[in-house]
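Structure at a glance
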Amino acid sequence: MHWSDKIAQEIIRRRPDKEEYVCAAGISPSGSIHIGNFRDIATSLFVTKALRRQGKKARLLFSWDEYDRFRKVPVNVAKIERPQGEKPWEEYIGCSYVDVPNPFDDGCPNYAKHFEKEFEDAMERFGIQMDYRYQAQMNRSGKYAQHVITALKKRGEIFDILDSFRTQAAKEGEREAYYPVSIYCPHCGKDTTKILSLSEDCTVAEYECACGYRGTFDFTKDFHCKLAWKIDWPMRWMYEEVDFEPGGKDHASPGGSYDTSRVIAKKIYDYEAPVFQGYEFIGIKGATGKMSGSSGLNLTPDTLLSLYQPEMILWLYAKSEPTKAFDFCFDDGILRQYFEFDKQYNDFLAGAGDEFLNTVMANCLREEEGGGYRRIQTVPMSLLVQLGSVVDFNIPMLETVFEKIGQPFTYEQFKDRLDRAKYWLEQCSPENVNRLRSCRSWEAYESFSEEEKKEIALLHDYIAKGGYSLDELNQELYAIPKQVMGELGDPKELKKIQGQFFKNVYKLLIDKEKGPRLYLFLYAIDPGKYVNLLDFSTPMTEEEKKPAPKEAPAEEEKRHVEYGDPDPVEPVKDQIVLEDFAKLDMRVCRILKCAEIRKSHSCYKLTLFDGLKERVIVSSIKSYYTPEEMVGKKIIVLANLQPARFSGVTSEGMLLAATNNACGCQVIFVDDIVPEGTRIC
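Residues numbered from 1 in each chain as written. Predicted model: local features only at pLDDT ≥ 70, side-chain atom pairs only at ≥ 80, totals over all residues. Heavy atoms only, no water.

Some details on the sheet that holds strand β7 (residues 214–218)
The strand order β5-β6-β7 describes an open sheet built from 3 strands, whose pairing is antiparallel. Looking at the sheet topology across the chains shown, the edges are occupied by β5 (193–198) and β7. Strand-to-strand, the axes of this sheet are offset by a mean angle of 30 degrees, without reference to chain direction. Pairing geometry for β5 and strand β6 (residues 204–209), over 5 bridges, is antiparallel. Paired with T193 across the bridge in β6 is C209. (Pairing = 2+ DSSP bridges. Helix = DSSP H or I, 4+ residues; strand = E, 2+ residues; numbered from the N terminus. Axes fitted to C-alpha atoms, helices over the stretch in contact; angles between N-to-C directions.)

What about unusual backbone geometry?
Phi is positive for E241, which is not a glycine, with a value near 55 degrees. By the element assignment, E241 lies in the loop between α8 (229–240) and β9 (244–248). Non-glycine residue S647 carries a positive phi angle of around 50 degrees. Structurally, the position occupied by S647 is in the loop between β17 (644–646) and β18 (649–651). By relative accessible area, S647 is classed as partly exposed at 40%. (Buried < 20%, exposed > 50% of the residue type's maximum accessible area, 1.4 Å probe, protein only.)

Some points on the packing of aromatic side chains
According to the stated counting rule, one finds 46 aromatic pairs in the structure shown. Between F104 and F115, the ring centres sit 6.0 Å apart and the planes meet at 90 degrees, which makes this aromatic pair edge-to-face. Note that F104 is positioned in the loop between α3 (75–78) and α4 (111–126) and F115 in helix α4, a separation of 11 residues in sequence. What makes F104 partly exposed here is its relative accessible area of 25%. Seen from their ring centres, W442 and F536 are 5.0 Å apart, and the 90 degrees between their planes marks the pair as edge-to-face. Taken together, the residues W442 in helix α18 (residues 442–446) and F536 in the loop between α22 (518–524) and α23 (542–545) connect sequence positions 94 residues apart. The pair formed by W442 and F536 is uniform in burial state, with each residue classed as buried. An aromatic cluster of three or more residues is present, and its members are F38, F126, Y308, Y317, F326, F328 and Y338. (Phe/Tyr/Trp six-rings, centres within 6.5 Å; stacked < 30°, edge-to-face > 60°.)

Below, the structure is given as structure tokens:
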């Protein structure tokens, strides 16, 4: 049984008489939605389909968490200059996403809507229909007002629940000062507010903002506020009657967001938390770690649709257990994935699939309005890449070559994959693009033996004469070495000589020792474009006498670090008491800027956001990192270290790093999910 069907059975068991089941997913439009987040939608989509297969009514609910605070400026947005007189992007940190201007000239009214539209358009290409909820609208319309007041009335209970999941004991007065809601300041638009007092009926608050504004907030009339995440999540479960929602493994960890929110849902909102499924993050073959926009690895569904058909993307998710990681491939692994998909799809069509395979296909294939599934033409992707590179993706020529090799695919059959094959070849595997030389390669030719030169002459004469079929050309390519070298008794030796002949032809035509199947290559391309490259019967031309342009020397690496044997392990220092450690204010900071310091050979000036304000530190990591590698990353900083001046810059703290002769200086980076200002304890 497929994992989605098992989850569906559990959902039905818990609420057997429910009229319509709700499977939820949600994303914050902090930037372009990357394919790692897409597992949220795919997992809920498959469970929704499983419920429908079991005869139940179900819908897929998607929440745009657009009322969350703007936490960071993505790299691509930071490069866009603000209009003269407008405040810089960093000054919007703390505002809701819908209150940040749209960086792009596309007509969308705000930052959130740009990224929402980008993602929703991609979902249309998948054929995925979702019931969208826009949380700024939901909050600002007052739909959650009574539930916010409920949280305020039960704030002591909420604090106790949150505190029960913490390892550090609460400080005196912390419970009394806790409020589970953030107010967006009407003056600066940010959530940098602090509630000073609350009326006895928990409907009116006095508050002040970090910008200096003070005001009164009536929760029955004013709705520019938002519950904290671990309260907001279970409140929305209750409001939407959610039956299932997945989440990343960080949410699924013991004591994580789901465990906490499940208790809050029951004790505060009297709602049984939905069935939950944690999932692993998605990787890219050749890269490590989870996919993240901050790391520069920001692959959107729309980008992947340039490589994969939508059914294939869903297939990769559907055939893998949510707790199992898998890779999207940029190397030739993608060709193997296409091959595997085609085999399973054809088995499914032939009725040869088992229960698991049939469910996988039912989950990933696009349903047609009249019934059945959208038909996929399984033209081999590897063949499209190979032949496409041969004929420069000329459609009539491709059809001709397909026909001549006995696989008469037409454009109507391969059009859905043709652009994807070309995109992969040019963007992901440019070294495999085959381009004919502009003139003869005398350098390669002169390195051949006399017998090898004779082979090239025979091939030239055969091509120039013409009148051969594809099969005849293939036979001739294997016959020429035998014609020159005579019959050889050892088949292995003959195969070796034939292989070298093929390499020599490739060298003369495309400056490589390997290429597409040679007989197809020579047959598909107009002989007039390459036959002269095989003719060395005339003297070298003036153009050919010119020295070949030398490749530009590789740019010297900016940093060159010699690593050696590990340092001796030092003994543990004298013991300290917990109070000594508590004096250290270590917190998570985001690097906004990383600049070189004039006349400093080892130091960078790092501008950070520590959750409250910007601060500057100086760090001697120049030999190990480039500025581009640092900007946008989150690090741990000792924030209450007494300021000191280095290289003429005042440093307000020190970052944490590991230093050893075996590895140099390695900065300790923090996962992007951890908010700025989070204490390390």
